[in-house]
Amino acid sequence: MDETDRKLITLLRANARTPVAALSKALKVSRGTVQNRIDRMLARGDIGGFTVRVRDEAGRVRAIMAIAVSGERSGAVLKALRGFPEVRAVHMTNGRWDMLAELETDSLASFSDALDAIRLIEGISATETSLLLTTHQV
């Protein structure tokens, strides 16, 4: 991957729907060059795909919950977390915390209820939760 590829990825991150003609103008290369580079990066897996970002919904409460698991209970805890609609994703980690769970609810009251219920899962020895106040796309 060269500097032009990196610039192309930066432009696509800002707006994946930017027309090839506009990308070629911004990069000062031909349309064919831009299309060939996109095709090559897709084939190599440098670009895994394109997605849609939706506007954050007002009133949504989002957070990251760090979870410490006691003993060999990670599988059971993960299975229990899958049963919570408020849990959007779970990431296994190393270090002080064993898992990071992404949470999302409609209100602070439902967020509090979800936290209380998650903390009761057998095998969870400690949690620390941080609300996500603002997200910046990179």
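Structure: see above.
Residues numbered from 1 in each chain as written. Predicted model: local features only at pLDDT ≥ 70, side-chain atom pairs only at ≥ 80, totals over all residues. Heavy atoms only, no water.

Chemist: How do you make sense of the nonpolar core when you look at a structure like this?
Modeler: One broad rule of soluble globular proteins: the nonpolar side chains tend to lie buried together. If you look at the biggest cluster of nonpolar residues, it comprises 18 residues, and the most contacted ones within it are I67, L81, L103 and I118. Put simply, the parts of the chain that give this core at least two residues each are β1 (61-69), α4 (74-81), β3 (99-105) and α5 (108-119). Among the elements that take part in this core, β1 stands out by supplying five residues, more than any other. What L103 contacts, discounting residues up to four positions off in sequence, is V61, R62, A63, M65, E86, V87, R88, F111, L115 and I118. Core analysis: the second largest hydrophobic core is formed by nine residues, L8, I38, M41 and I47 among them. (Core = buried A, V, L, I, M, F, W, Y, C linked by side-chain atoms within 4.5 Å. Buried < 20%, exposed > 50% of the residue type's maximum accessible area, 1.4 Å probe, protein only. Helix = DSSP H or I, 4+ residues; strand = E, 2+ residues; numbered from the N terminus. Contact = heavy atoms within 4.5 Å.)

Chemist: Help me understand the packing of helix α1 (residues 3-14) against helix α3 (residues 31-44), please; the structure alone is not making it clear to me.
Modeler: Two quantities define a packed helix pair, namely the angle between the axes and the distance from one axis to the other. Where α1 contacts α3, the two axes come as close as 11 Å, and the packing angle between them is 85 degrees. Comparing the axis directions of α1 and α3 gives the class roughly perpendicular. Taking contact as the criterion, the partners of T4, D5, L8, I9 and L12 in α1 are, on α3, V34, R37, I38, R40, M41 and R44. Residue composition of the contact of α1 with α3, grouped by class: six nonpolar, one polar and four charged. (Axes fitted to C-alpha atoms, helices over the stretch in contact; angles between N-to-C directions. Parallel < 35°, antiparallel > 145°, perpendicular 65-115°, else oblique. Nonpolar A, V, L, I, M, F, W, Y, C, P; charged D, E, K, R; others polar.)

Chemist: Hey, could you run me through the pairing of β1 in this one?
Modeler: Within a regular strand, the side chains alternate between the two sheet faces. In terms of burial, β1 is a largely internal element, seven of the nine residues being buried. Two elements, β1 and β3, share seven bridges in a ladder whose sense is antiparallel. When the sheet's bridge partners are listed, V61 is paired in β3 with T105. (Pairing = 2+ DSSP bridges.)

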